[in-house]
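Listed below are the residues making up each chain.
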Amino acid sequence: MDNYTLNCYCDQRVLMKRDETKRNVAKVLPLVYDILRYVNSRDRRFLIQPLRVGSYDTHLKVKKADEFDYNVIVDVGKLVWAPGKTRYYGFNNTGDKVVEKKGYALPDPPVGQSFTKIGYLKKQWEADGLNDGVASMTFDDDIVPIKVKRWFKSLVGEAVNQPKFRNLITTDRISSSPATTLSVKFPDIHYPISIDLCPMIESQLEFKPEFHWPRSNSTWPSQQKRSAIRKVGVNEIAKEPFYWTLSFAACEKELLDGIDIKGTCRKKSQRIMKRLKEDVWCPPGSKSELTSYHLKNVLFWECEDHPFDTEWQQELLAARVKSMTYRLLGYIQRGILPLYFHDGVNLFSSKDKVVLQKVANNIQAFLDQPKPYLSE
């Protein structure tokens, strides 16, 4: 693995076409705002202005701009960490998974998840007639993720069922993913555009000591960047049915902002890793448990262990990609990839270990003889 070969691979397989990207963005943004304006007109708790996240917005997307990610803010105002209490609700026993009162308590939230109480706001919603019937997003004093996700998906479904969208957009079924995914087929683009809309509470919660970030012995990121990230705070997304999942997407976006301001190769290394994942480690047609989010966290850990810009000069591109690839292989072999901003969360905990082992085998084969893969 050498710089020349990697740079050629980057030019041929990684970089996006600027004109094509500009065209896609010009089509996607008005569409998203149009959909969210409709959703907001039906329920003002979902704000029109989304938070742009994901690979494209952080300049980590590879090849073409065909995936866009947006967090749609659920307006609950400012929150603080609240002491836990026993929750006596869950799904009914009839198969339609309606949330109802139960005679037993829900377990305490797993690491990286939480309950969210908005009792004061719930009363206002009820007084305004916003929280009735299928539009109810609460149970007792909690705002419940599965209820938020179902209602939001229903409103997005109404929006895309308008005549102007009906033959243009399809939506996925509700799933364990926190996002409602739209597949858009523009007449003049020969591939579908995927848009993820994910309900999020912009809670801006403080970092807890048990997150172990920032680590006391680390010198990356800078104190100035750490302060900016703390100011952004921790948000929550509707992923699991009853527990809100802590979201560090806004923190990650802030961390990536200006990361290569001195001409370093951090993002370039990451984009090469992403393309290798798609081309070599998880080839098309094979099941993959390895995601771009995993690779983003690998980048962050690599940056913390190699904190100086001198270690990320362009002439060290091959060294950094090789180091990150070995790091990724080690995480897979141990079955543990800690979330950078909360190291108690294992990003591999729910992944199929057999599939990950196949990915590890592909990575090892690449490391043994990288040049044939990079020259194809």
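From a predicted model like this one, the values you see are computed outputs, not experimental measurements. (Residues numbered from 1 in each chain as written. Predicted model: local features only at pLDDT ≥ 70, side-chain atom pairs only at ≥ 80, totals over all residues. Heavy atoms only, no water.)

A. Expanded view of the overall build of the protein chain. Secondary structure summary: the protein chain contains twelve helices and 14 strands in total. Taking 2.2 N^0.38 as the reference for a compact globule, 376 residues should give roughly 21 Å; the C-alpha atoms of the protein chain span a radius of gyration of 22 Å, in line with that estimate. Taken along the three principal axes of its C-alpha coordinates, the protein chain extends 65 × 50 × 40 Å. Relative to its full complement of 376 residues, the protein chain shows a buried share of 51%. Sequence-distant contacts in the protein chain: of pairs separated by 6 or more residues, those separated by 24 or more amount to 68%. Of the roughly 18100 Å² of accessible surface on the protein chain, 51% is carried by carbon and sulfur atoms. Here the protein chain holds 57 positive side-chain charges and 46 negative ones, and the gap between their average locations is 2 Å. (Helix = DSSP H or I, 4+ residues; strand = E, 2+ residues; numbered from the N terminus. Rg over C-alpha atoms; globule rule 2.2 N^0.38 Å. Buried < 20%, exposed > 50% of the residue type's maximum accessible area, 1.4 Å probe, protein only. Contact = heavy atoms within 4.5 Å. Areas by Shrake-Rupley, 256 points an atom, 1.4 Å probe, with all protein chains shown as cover. Lys, Arg positive; Asp, Glu negative; His and termini not counted. Charge placed at Lys NZ, Arg CZ, Asp CG, Glu CD.)

B. Main features of the packing of aromatic side chains. Within this structure, the stated rule accounts for 20 aromatic pairs. A ring pair is formed by Phe91 and Phe242, whose centres lie 4.9 Å apart and whose planes are at 50 degrees; its orientation type is tilted. Placement of the pair is Phe91 in strand 3 (residues 89-91) and Phe242 in the loop between strand 11 (234-237) and strand 12 (244-247), with a sequence separation of 151 residues. In this pair, the class of Phe91 matches that of Phe242, namely buried. (Phe/Tyr/Trp six-rings, centres within 6.5 Å; stacked < 30°, edge-to-face > 60°.)

C. Broad picture of the layout of surface pockets. Size it by volume and the second largest pocket reaches roughly 570 Å³. Lining the second largest pocket are 27 residues, and of these Trp81, Ala82, Ser114, Phe115 and Lys208 sit closest to its centre. Across the lining of the second largest pocket, the residue classes tally to 13 nonpolar, six polar and eight charged. (1 Å grid on protein atoms, 1.4 Å probe; cavity = no way out; pocket = protein on both sides within 12 Å on 5 of 7 lines; lining within 4 Å. Points joined across faces, edges and corners; volume = space filled by probe spheres on them. Nonpolar A, V, L, I, M, F, W, Y, C, P; charged D, E, K, R; others polar.)

D. Examining the pattern of salt bridges more closely. In the structure shown here, the tally under the stated rule is 21 salt bridges. A salt bridge links Lys164 to Asp34; the shortest N-O distance between them is 2.9 Å. Of this pair, Lys164 sits in the loop between helix 5 (145-160) and strand 8 (169-171) while Asp34 is found in helix 2 (residues 18-42), placing the two residues 130 residues apart along the sequence. With a relative accessible area of 23%, Asp34 lands in the partly exposed category. For Arg45, the salt bridge goes to Asp43, with nearest N and O atoms at 2.7 Å. Each member of the pair, Arg45 together with Asp43, is buried. (Salt bridge = Lys/Arg side-chain N within 4 Å of Asp/Glu carboxyl O.)

E. The arrangement of unusual backbone geometry in detail. A cis geometry characterises the amide bond from Trp213 onward to Pro214, with omega recorded as -5 degrees. Of note, Pro214 is situated in the loop between strand 10 (193-205) and helix 6 (223-232). The amide bond that connects Trp220 to the next residue, Pro221, takes the cis arrangement and shows omega of -5 degrees. Mapped onto the elements, Pro221 comes out in the loop between strand 10 and helix 6.

F. Expanded view of the side chain of Lys102. Relative to the helices and strands, Lys102 is located in the loop between strand 4 (99-101) and strand 5 (113-114). Take Lys102: its relative accessible area is 9%, and that puts it in the buried class. A distance of 3.0 Å separates the side chain of Lys102 from the backbone oxygen of Phe91, its partner in a polar contact. Residue contacts for Lys102: discarding those within four places in its chain leaves Tyr88, Tyr89, Gly90, Phe91, Asn92 and Asn93. (Polar contact = N/O pair within 3.5 Å; in protein donor to acceptor, adjacent residues only side chain to side chain.)

G. A look at the packing of helix 9 (residues 292-305) against helix 10 (residues 317-334). Running from amino to carboxyl end, helix 9 crosses helix 10 at an angle of 115 degrees, the nearest separation of the two axes being 10 Å. Along this stretch, helix 9 crosses helix 10, giving a crossing that reads as right-handed. Contact residues: helix 9 offers Leu295, Val298, Leu299, Trp301, Glu302 and Asp305, while helix 10 offers Arg320, Ser323, Met324, Arg327, Leu328 and Tyr331. Residue composition of the contact of helix 9 with helix 10, by class: seven nonpolar, one polar and four charged. (Axes fitted to C-alpha atoms, helices over the stretch in contact; angles between N-to-C directions. Left-handed = near helix turned anticlockwise from the far one by under 90°.)

H. Molecular detail of the confidence of the model for the protein chain. Taken over all residues, the pLDDT of the protein chain has a mean of 89, while the share at 70 or more is 94%. Helix 3 (residues 54-57) is the least confidently modelled element of the protein chain, averaging 58 in pLDDT, while strand 13 (residues 338-339) averages 98, the highest of any element. (pLDDT = per-residue confidence, 0-100.)

I. Spotlight on the side chain of His294. Looking at the secondary structure, you find His294 in helix 9. Those residues in contact with His294 that sit more than four places away from it in its chain are Glu289, Leu337, Leu347, Phe348 and Lys351.

J. Geometry of the pairing of strand 10. When strand 2 (residues 67-73) meets strand 10, the two strands line up parallel, connected through seven bridges. Note that in strand 10 the partner of Tyr70 across the bridge is Leu197. With five bridges connecting them, strand 9 (residues 180-184) and strand 10 associate as antiparallel partners. Each residue of the ladder has a partner; that of Leu182, found in strand 10, is Ile195. Here strand 10 pairs with strand 11 via three bridges, running antiparallel. Bridge pairing links Ile201 to Glu236 in strand 11. (Pairing = 2+ DSSP bridges.)

K. Inspection of the packing of helix 1 (residues 3-14) against helix 10 at higher detail. Taken N-terminus to C-terminus, the directions of helix 1 and helix 10 make an angle of 80 degrees; their axes are 8 Å apart at the nearest point. In this view, helix 1 runs roughly perpendicular relative to helix 10, as classed from their interaxial angle. Note on element contacts: helix 10 touches helix 1 through Leu317, Ala318 and Val321, opposite Asn3, Leu6 and Asn7. Split into classes, the residues belonging to the contact of helix 1 with helix 10 amount to four nonpolar, two polar and no charged. (Parallel < 35°, antiparallel > 145°, perpendicular 65-115°, else oblique.)

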